[in-house]
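Understanding the architecture of this molecule
Chain by chain, the residues:
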Number of protein chains: 2
Amino acid sequence: MFFERVAVIGVGLIGGSFSLVLKEKKLCGHVVGVGRSAANLKFALERGLIDSVASDVAAAVRGADLVLVSAPVAQFENIFQEIKAILKPGALVTDAGSTKRDVVATARAALGAKIAQFVPAHPIAGAEHSGAAAANPDLFRGRRVVLAPLEENSRQDIETISGLWTVIGARVTRMTPEEHDAVFAAVSHLPHLLAYALVNDVSKRPNSAQLFGYAAGGFRDFTRIASSQPEMWRDICMANRDRLLHELHLYERKLKAIGQMLEESDASALEKLFAEARAAREKWIKGEYE
Amino acid sequence: MFFERVAVIGVGLIGGSFSLVLKEKKLCGHVVGVGRSAANLKFALERGLIDSVASDVAAAVRGADLVLVSAPVAQFENIFQEIKAILKPGALVTDAGSTKRDVVATARAALGAKIAQFVPAHPIAGAEHSGAAAANPDLFRGRRVVLAPLEENSRQDIETISGLWTVIGARVTRMTPEEHDAVFAAVSHLPHLLAYALVNDVSKRPNSAQLFGYAAGGFRDFTRIASSQPEMWRDICMANRDRLLHELHLYERKLKAIGQMLEESDASALEKLFAEARAAREKWIKGEYE
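Please read all numbers here as calculations on a predicted model, not as lab measurements.

Turning next to the overall build of chain A. When you go through chain A residue by residue, the secondary structure sums to 12 helices and nine strands. C-alpha extents for chain A along the principal axes are approximately 70 × 40 × 35 Å. Of the contacts formed within chain A by residues at least 6 apart in sequence, a portion of 75% connects residues at least 24 apart. When the accessible area of chain A is evaluated, it comes to approximately 11,300 Å², of which 50% is carbon and sulfur surface. Side-chain charges in chain A split into 35 positive and 34 negative, and the spacing between the mean points of these groups amounts to 3 Å.

The structure is reproduced here in structure tokens:
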């Protein structure tokens, strides 16, 4: 498995780490990066994350054997349109978008006949730190990468992308775009929304300084994901709006039930709920759901 | 500052760490421990967290100059009644309860004329690990300890307890019991409830194994506090029921507003909310609310 020329569109945490590990493992000849921030690209070049900087997407994709689209999902439409005009036969495109139904729809509309060359993917390796400065070649080791292959993809192309992530150290699984978006609405998108909501709520109080003054380790960990990029999470929430609303409503129903337990001073119901949650989490932490 | 004989009632994370640091800093002559679990007390004795084990609270408190009540709050009523019968004049009692209005009411009812000897406190040093095995002499370093002194306390006794925590390395502040319970409902009790709710919700789904299988670092940190002791958190929720319900309702209102933003596809309102939350959290993390 070897790609002579790789284009990374969006050299942030994901794109930079992907490029770095490809170079470290000698899986490619040359990585060209492109992105919105000249400073970020300069940093990526100086730190050796990429080998050269392209002036635009077309210049990056020209001659590329593999293209990773790891820009914010809101930019995918323009990026895919540029890719379509330039992508050479036999080259593969994959992505790192956090949602999959919208990415597939966008790609299908923009890539036209070249849609078979696009194998959608989602490496589960976010962090609250972003940008090339956060890149690290071990980012994907042991992490899951979800492939959401299209019916147009050849079995060989799917195997190539799957094999690439496996060589990088990731654990590859497959889902449909619908299944992907439903799962991540529950275990990723909703928690982000809940953490943002709590911090925002506290920050709007007249005594917010006092409240933050007494917030401790539990609050810090609970709200860590509220330090995630607002723009990225806005896009994820909008792209997965229907599934996220569904999860939000289920959660609101749960909170209502808990409020009822409190209203009724039902201590044993509360303890049961807490104990079940704790047991489920301990099972998860022990790796019993891997 | 030196206490010849210290009684620690409940030699868990807090009681064990308190005892350990007192001994390390040579602030006491002898620490006697008492608690519900013989195995835990044996461990604490063998590891040198305490110097001896008492068979009951009365035996522990007999002759003590300082008593720390660091048992679950639900046991405080019985403990205070036993303390009342035995506590010698001039001795001080303090506690580590996570709620303060109920502890003060319980102490007032049980201690009677000896209430002036009790200086209520709450060291903010919880962790999801519990028991003597988790004890560590640095647990309180840099952490806040809230004193909620009573009007019956002498200024000198308050200063003694305050000074003790300061020598241990904690940052001591004062609040009324009402203020304490309102603040911690917002920044500690509600987040625990929210984390338990999410894990419980996910664990009840038909596809819970799949969901946990894709839960990653964000979910892990968000739900860390859902691994806290169910019994302890049941008691905290019951003791602070009214303030917690108030916070829960404010949060439900916030979620409703966010649901509305999603329904209306109001991307800019969502981004604003996320950005404000992130900015407030970054300010907090940088220590601007210390």
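After that view, the rundown keeps rolling.
Moving on, we get to the confidence of the model for chain A. On average, chain A scores 96 in pLDDT, and the residues at 70 or more come to 99%. Here the complex is predicted with pTM 0.92, and the ipTM for its interfaces comes to 0.92.

Attention now moves to the nonpolar core. Of all hydrophobic cores here, the largest spans 84 residues; its most connected members are Leu 193, Phe 219 and Tyr 251 of chain A together with Leu 193, Phe 219 and Tyr 251 of chain B. In this structure Tyr 251 of chain B touches Leu 194, Ala 197, Leu 198, Asp 201 and Leu 255 of chain A together with Leu 190 and Leu 194 of chain B, once residues within four positions along its chain are discounted.

Here the focus is the interface of chain B and chain A. Every contact between the two is made by 86 residues of chain B and, on the other side, 86 residues of chain A. Carbon and sulfur atoms supply 66% of the area that chain B and chain A bury against each other, a total of about 8,200 Å² over both sides. At the junction of chain B with chain A, the criterion picks out eight salt bridges. Where chain B meets chain A, there are 42 residue pairs in polar contact (both at pLDDT 80 or more).

Looking at where Gln 260 of chain A falls in the secondary structure, it is placed in helix α11 (residues 241–263). Each C-alpha atom, one on Gln 260 of chain A and one on Lys 283 of chain A, is 28 Å from the other, the two residues being 23 residues apart in sequence.

Turning to the side chain of Asp 102 of chain B, a few remarks are in order. Residue and element names in this part refer to chain B. Of note, Asp 102 is situated in helix α5 (residues 101–111). Salt bridges are absent for the buried Asp 102, whose nearest opposite-charge side chain, Arg 101, sits at 6.6 Å. Here Asp 102 is in contact with Val 73 and Ala 239, once residues within four sequence places are set aside.

All names here are of chain B. The strand order β7-β8-β9 describes an open sheet built from three strands, whose pairing is mixed. The outermost strands of the open sheet, each flanked by one partner alone, are β7 (121–123) and β9 (171–174). With direction set aside, neighbouring strand axes in the sheet form an average angle of 20°. Looking at chain direction, β7 and strand β8 (residues 144–147) are connected through three bridges and run antiparallel. Note on β8: the bridge partner recorded for Ala 121 is Leu 147.

The next thing to look at is helix α12 (residues 267–285) of chain B. Between its first and last C-alpha atoms α12 of chain B spans 27 Å; for 19 residues at 1.5 Å apiece the expected length is 27 Å, and the two agree. Tucked inside the fold, the buried residues of α12 of chain B contact α7 (177–203), α8 (208–214), α9 (217–222) and α10 (230–239) of chain A together with α11 (241–263) of chain B. With its phi angle positive at about 85°, Gly 287 of chain B sits one or two positions after the end of α12 of chain B.

Here we come to the pattern of salt bridges. Under the counting rule described, the total for this entry stands at 36 salt bridges over all chains. Put simply, Lys 23 of chain B and Asp 51 of chain B hold a salt bridge, and the shortest N to O gap is 2.4 Å. Pair noted here: Lys 23 of chain B is in helix α1 (residues 13–24) and Asp 51 of chain B is in the loop between α2 (38–46) and β3 (52–53), with a separation of 28 residues, a long-range link. What you see here is one network of salt bridges that share partners, running through Arg 101, Asp 181 and Asp 242 of chain A.

Attention shifts here to the pairing of strand β4 (residues 66–69) of chain A. All names here are of chain A. Judged by which residues are buried, β4 turns out to be covered on both faces: Leu 66 and Leu 68 on one side and Val 67 and Val 69 on the other are all buried. Where strand β1 (residues 3–9) and β4 come together, four bridges link them in parallel fashion. Directly across from Ala 7, in β4, lies its bridge partner Val 67. Pairing of β4 with strand β5 (residues 92–95) involves four bridges; the strand directions are parallel.

It is worth spelling out the packing of α11 of chain A against helix α7 (residues 177–203) of chain B at this point. At a minimum axis separation of 10 Å, α11 of chain A and α7 of chain B run at an interaxial angle of 120°. With respect to α7 of chain B, the element α11 of chain A is oriented oblique. For the pair α11 of chain A and α7 of chain B, the sense of crossing is right-handed. Packed against α11 of chain A, whose contacting residues are Leu 250, Tyr 251, Lys 254, Leu 255, Ile 258 and Leu 262 of chain A, the element α7 of chain B presents Leu 193, Leu 194, Ala 197, Leu 198, Asn 200 and Asp 201 of chain B at the interface. Of the residues belonging to the contact of α11 of chain A with α7 of chain B, the class tally is nine nonpolar, one polar and two charged.

The rules behind each value
Residues numbered from 1 in each chain as written. Chains lettered and ligands numbered in written order. Predicted model: local features only at pLDDT ≥ 70, side-chain atom pairs only at ≥ 80, totals over all residues. Heavy atoms only, no water. Helix = DSSP H or I, 4+ residues; strand = E, 2+ residues; numbered from the N terminus. Contact = heavy atoms within 4.5 Å. Areas by Shrake-Rupley, 256 points an atom, 1.4 Å probe, with all protein chains shown as cover. Lys, Arg positive; Asp, Glu negative; His and termini not counted. Charge placed at Lys NZ, Arg CZ, Asp CG, Glu CD. pLDDT = per-residue confidence, 0-100. Core = buried A, V, L, I, M, F, W, Y, C linked by side-chain atoms within 4.5 Å. Buried < 20%, exposed > 50% of the residue type's maximum accessible area, 1.4 Å probe, protein only. Buried area = accessible area lost by both parts, 1.4 Å probe. Salt bridge = Lys/Arg side-chain N within 4 Å of Asp/Glu carboxyl O. Polar contact = N/O pair within 3.5 Å; in protein donor to acceptor, adjacent residues only side chain to side chain. Pairing = 2+ DSSP bridges. Axes fitted to C-alpha atoms, helices over the stretch in contact; angles between N-to-C directions. Expected span 1.5 Å × (residues − 1). Parallel < 35°, antiparallel > 145°, perpendicular 65-115°, else oblique. Left-handed = near helix turned anticlockwise from the far one by under 90°. Nonpolar A, V, L, I, M, F, W, Y, C, P; charged D, E, K, R; others polar.

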